[in-house]
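Report on the structure
One-letter residues, chain by chain:
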Amino acid sequence: SRVMGNYHARFLGGKAPARAPTYPPHYTGKLIQVGFLTQMRDLIPTLIYSLTMGAIVWTIVQLLPDNILRLSIGIIVGIVYFLAITKLTRSADLRELLSFVKAK
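Just so it is clear, the structure is predicted and the values come from calculations on it, not from any experiment.

Here is what the cut-offs are and how they apply
- Residues numbered from 1 in each chain as written.
- Predicted model: local features only at pLDDT ≥ 70, side-chain atom pairs only at ≥ 80, totals over all residues.
- Heavy atoms only, no water.
- Helix = DSSP H or I, 4+ residues; strand = E, 2+ residues; numbered from the N terminus.
- Expected span 1.5 Å × (residues − 1).
- Buried < 20%, exposed > 50% of the residue type's maximum accessible area, 1.4 Å probe, protein only.
- Arc of directions from axis to C-beta.
- Patch = residues over 30% accessible without salt bridge, like charges linked within 9 Å, V, L, I, M, F, W, Y side chains within 5 Å.
- Areas by Shrake-Rupley, 256 points an atom, 1.4 Å probe, with all protein chains shown as cover.
- Salt bridge = Lys/Arg side-chain N within 4 Å of Asp/Glu carboxyl O.
- Axes fitted to C-alpha atoms, helices over the stretch in contact; angles between N-to-C directions.
- Left-handed = near helix turned anticlockwise from the far one by under 90°.
- Contact = heavy atoms within 4.5 Å.
- pLDDT = per-residue confidence, 0-100.
- Parallel < 35°, antiparallel > 145°, perpendicular 65-115°, else oblique.
- Nonpolar A, V, L, I, M, F, W, Y, C, P; charged D, E, K, R; others polar.

**Regarding helix α4 (residues 67-88)**
- With 22 residues, α4 should cover 32 Å at 1.5 Å per step; its first-to-last C-alpha distance of 31 Å lies within 8% of that length.
- All of the buried residues in α4 are G74, V77, G78, Y81, I85 and T86. Angularly, the buried residues of α4 cover 150 degrees about the axis, an arc narrow enough to put them on a single face. Projecting away from the buried face of α4 at angles above 90 degrees are the exposed residues I68, I76 and K87.

See the structure below:
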């Protein structure tokens, strides 16, 4: 693409590729043999959790005067929300996170 070509030329000091690679519209679906609707069905809960957590954290930090306090409280509220929502919905996200941390 033209933008990436400019990026390569300006920031990486190299020549822009002649043509950027193109992928089918549902590249991941073809790669993992999962349809678009199935992927969206899997992602909707995560999107809802993220949006609600963002709204809750944003609302709470707007009430605080100091930026350091906002950051600290925002992180704590986000962690508490994540733990609570994964427990309430019996989501596998917490188990996956813990197994990832244990593996490292």
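Text resumes after the structure shown.
**Quick look at a nonpolar patch on the surface**
- Together, F36, L37, M40, L43, I44, L47, I48 and L51 line one region of the surface with nonpolar side chains, adding up to about 770 Å² of accessible area.
- Relative to the helices and strands, L51 resides in helix α3 (residues 36-61).

**Concerning the packing of α3 against α4**
- With their axes 9 Å apart at the nearest point, α3 and α4 run at an angle of 145 degrees to one another. Seen from above, α3 lies across α4 with right-handed handedness. Two secondary-structure elements touch here, α3 through Y49, T52, M53, I56, V57, I60 and V61 and α4 through R70, I73, G74, V77, G78, Y81 and I85.

**Some remarks on the environment of Y81**
- Mapping Y81 onto the fold places it in helix α4.
- On a C-alpha basis, the gap between Y81 and G54 in space is 9.9 Å, while along the polypeptide they are 27 residues apart.

**So, the confidence of the model for the protein chain**
- Averaged over the protein chain, the pLDDT score is 78; the fraction of residues at 70 or greater is 70%.
- Mean pLDDT in the protein chain bottoms out at helix α1 (residues 2-11), which sits at 47, and peaks at α4, which reaches 93.
- Per-residue pLDDT stays below 50 along residues 1-9; that stretch engages in nine contacts with residues further than four places along the chain or on separate chains.

**Quick word on the packing of α4 against helix α5 (residues 93-103)**
- At their nearest, the axes of α4 and α5 sit 8 Å apart, and the two run at 120 degrees to each other. As judged from the angle between their axes, α4 and α5 are oblique. Where α4 approaches α5, its residues F82, L83 and T86 are matched on the opposing element by D93, L94 and L97.
- A class-by-class count of the residues in the contact of α4 with α5 yields four nonpolar, one polar and one charged.

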